[in-house]
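One letter stands for each residue in the lines below.
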Amino acid sequence: MSEKNQKNRVVFICFVGLMAALCMVSNYLQIRIPIGGDAGTRIHFGNIFCLLSGFLLGGVGGGLAAGIGAAVFDLTDPTFAPEFYITFIFKFLMAFVCGIIAYAGKKQGKNFGRNVVAGIAGQLTYIVLYLSKTFVVKYWIEKNDIATVWTMMIPKAATSLTNGAIAVIVAIPLTFALRKALEAAHLDQYLSLRGE
């Protein structure tokens, strides 16, 4: 591997680490909503930075940043810690889908229309996975009756859709603002590895 390629990889890994830290910290900006005896749900800013990771770093890099950051956040909270690995998978897939679509056709996350589709697709991926897991756990594993399950699912769906809408609305303009700053600093060349 050439010295230039090695430098590119090191800087890219640093970007992944930076975005993972932002994904983790942004989860603390939240409003918790209790639901009965359940852990509840919450409105938070974590998904903004998960999508931003996909837009800036592509599928794999963005997925790793989102998954690692969200999983580390879960590990700092006893309510979420037992399922940190599920969070890693779901948030990875959110940013991965977003990044793959945003980077398709050599757009490199620079096309507004494609980014809108990518952000919505990433969020829908996460929402479907999260709500499916919730339903399976509450209905088939915990054996709650269906009325109780729907009572828990409706607020979770509402907050997930709210989080998703906020993330798409905020992450897209933030992406273009950050890209402009990174281009001015000649750092945009490090945002993805070749082949992504």
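For the structure itself, consult the block above.
Description of the structure in this document.

Reading the values: rules and limits
- Residues numbered from 1 in each chain as written.
- Predicted model: local features only at pLDDT ≥ 70, side-chain atom pairs only at ≥ 80, totals over all residues.
- Heavy atoms only, no water.
- Helix = DSSP H or I, 4+ residues; strand = E, 2+ residues; numbered from the N terminus.
- Rg over C-alpha atoms; globule rule 2.2 N^0.38 Å.
- Buried < 20%, exposed > 50% of the residue type's maximum accessible area, 1.4 Å probe, protein only.
- Contact = heavy atoms within 4.5 Å.
- Areas by Shrake-Rupley, 256 points an atom, 1.4 Å probe, with all protein chains shown as cover.
- Lys, Arg positive; Asp, Glu negative; His and termini not counted.
- Charge placed at Lys NZ, Arg CZ, Asp CG, Glu CD.
- Axes fitted to C-alpha atoms, helices over the stretch in contact; angles between N-to-C directions.
- Parallel < 35°, antiparallel > 145°, perpendicular 65-115°, else oblique.
- Left-handed = near helix turned anticlockwise from the far one by under 90°.
- Nonpolar A, V, L, I, M, F, W, Y, C, P; charged D, E, K, R; others polar.
- Polar contact = N/O pair within 3.5 Å; in protein donor to acceptor, adjacent residues only side chain to side chain.
- Pairing = 2+ DSSP bridges.
- Phe/Tyr/Trp six-rings, centres within 6.5 Å; stacked < 30°, edge-to-face > 60°.
- Lys NZ or Arg CZ within 6 Å of the ring centre and 35° of its normal.
- Core = buried A, V, L, I, M, F, W, Y, C linked by side-chain atoms within 4.5 Å.
- Salt bridge = Lys/Arg side-chain N within 4 Å of Asp/Glu carboxyl O.

What follows is about the overall build of the chain. The number of helices and strands found in the chain is five helices and two strands. The N-to-C order of helical and strand elements in the chain reads α-β-β-α-α-α-α. Rg of the C-alpha trace for the chain: 17 Å, near the compact-globule value of 16 Å for 196 residues, within the 12% margin. By principal-axis analysis of the C-alpha atoms, the chain measures approximately 60 × 30 × 25 Å. The buried share of the chain, reckoned over its 196 residues, is 45%. Considering only contacts in the chain between residues 6 or more positions apart, those separated by 24 or more positions represent 72%. For the chain, the accessible area works out to roughly 9800 Å², and carbon and sulfur atoms hold 71% of it. Of note, the chain has its 17 positive side-chain charges centred 10 Å away from the centre of its 10 negative side-chain charges.

Look at helix α4 (residues 112-141) against helix α5 (residues 146-184): their axes get within 9 Å of each other, and the N-to-C directions meet at 160°. Classified by the angle their axes make, α4 and α5 are roughly antiparallel. Remark: the crossing between α4 and α5 carries right-handed chirality. For the contact of α4 with α5, a count of residues per class yields 18 nonpolar, seven polar and two charged.

By the element assignment, T41 lies in strand β2 (residues 41-44). A polar contact of 2.6 Å, which involves the side chain of T41, links it to the side chain of T159. Ignoring anything within four residues of it in the chain, the contact list for T41 reads I31, R32, I33, I35, Y130, P155, K156 and T159.

For K143, which is not glycine, the phi dihedral falls at a positive 60°. With a phi angle near 60°, H186 is a residue other than glycine that sits in the positive phi range. Along the chain, the position of H186 falls in the segment after α5.

Turning our eyes to something else, we now look at the pairing of β2. Where burial is concerned, the two faces of β2 agree: the one with T41 and I43 and the one with R42 and H44 are both buried. As paired elements, strand β1 (residues 30-33) and β2 share four bridges and run antiparallel to each other. The residue of β2 that forms the bridge with R32 is R42.

Below, the discussion takes up the packing of aromatic side chains. Geometrically, a pair of aromatic rings is defined through the distance of the ring centres and the angle of the planes. Scanning the model with the defined rule gives twelve aromatic pairs in all. Ring geometry for F135 and W150: centres 6.1 Å apart, planes at 45°, overall tilted. Of the two residues, F135 sits in helix α4 while W150 sits in helix α5, which places them 15 residues apart along the sequence. Counting every residue linked through ring pairs, the aromatic cluster contains F135, Y139, W140 and W150. The cationic tip of K91 hangs over the ring face of Y126; the distance from NZ or CZ to the ring centre is 4.2 Å.

Moving on: the nonpolar core. Nonpolar side chains tend to gather and get buried jointly when the protein is soluble and globular. Core analysis: the largest hydrophobic core is formed by 38 residues, its most contacted members being M19, L51, F55, L57 and L191. Of all the secondary structure elements, the ones that give two or more residues to this core are α1 (3-26), α2 (46-75), α3 (84-103), α4 and α5. Residue contributions to this core peak at ten residues, all from α2.

When charged atoms on two side chains of opposite charge get close, those side chains can pair. Enumeration according to the criterion identifies three salt bridges in this entry. Of the charged contacts in the structure, one is a salt bridge between E83 and K133, with a shortest N-O distance of 2.8 Å. With E83 in the loop between α2 and α3 and K133 in helix α4, this pair connects stretches of sequence that are 50 residues apart. Owing to a relative accessible area of 32%, E83 belongs among the partly exposed residues under this scheme. A salt bridge links E142 to K138; the nearest nitrogen and oxygen atoms lie 3.3 Å apart.

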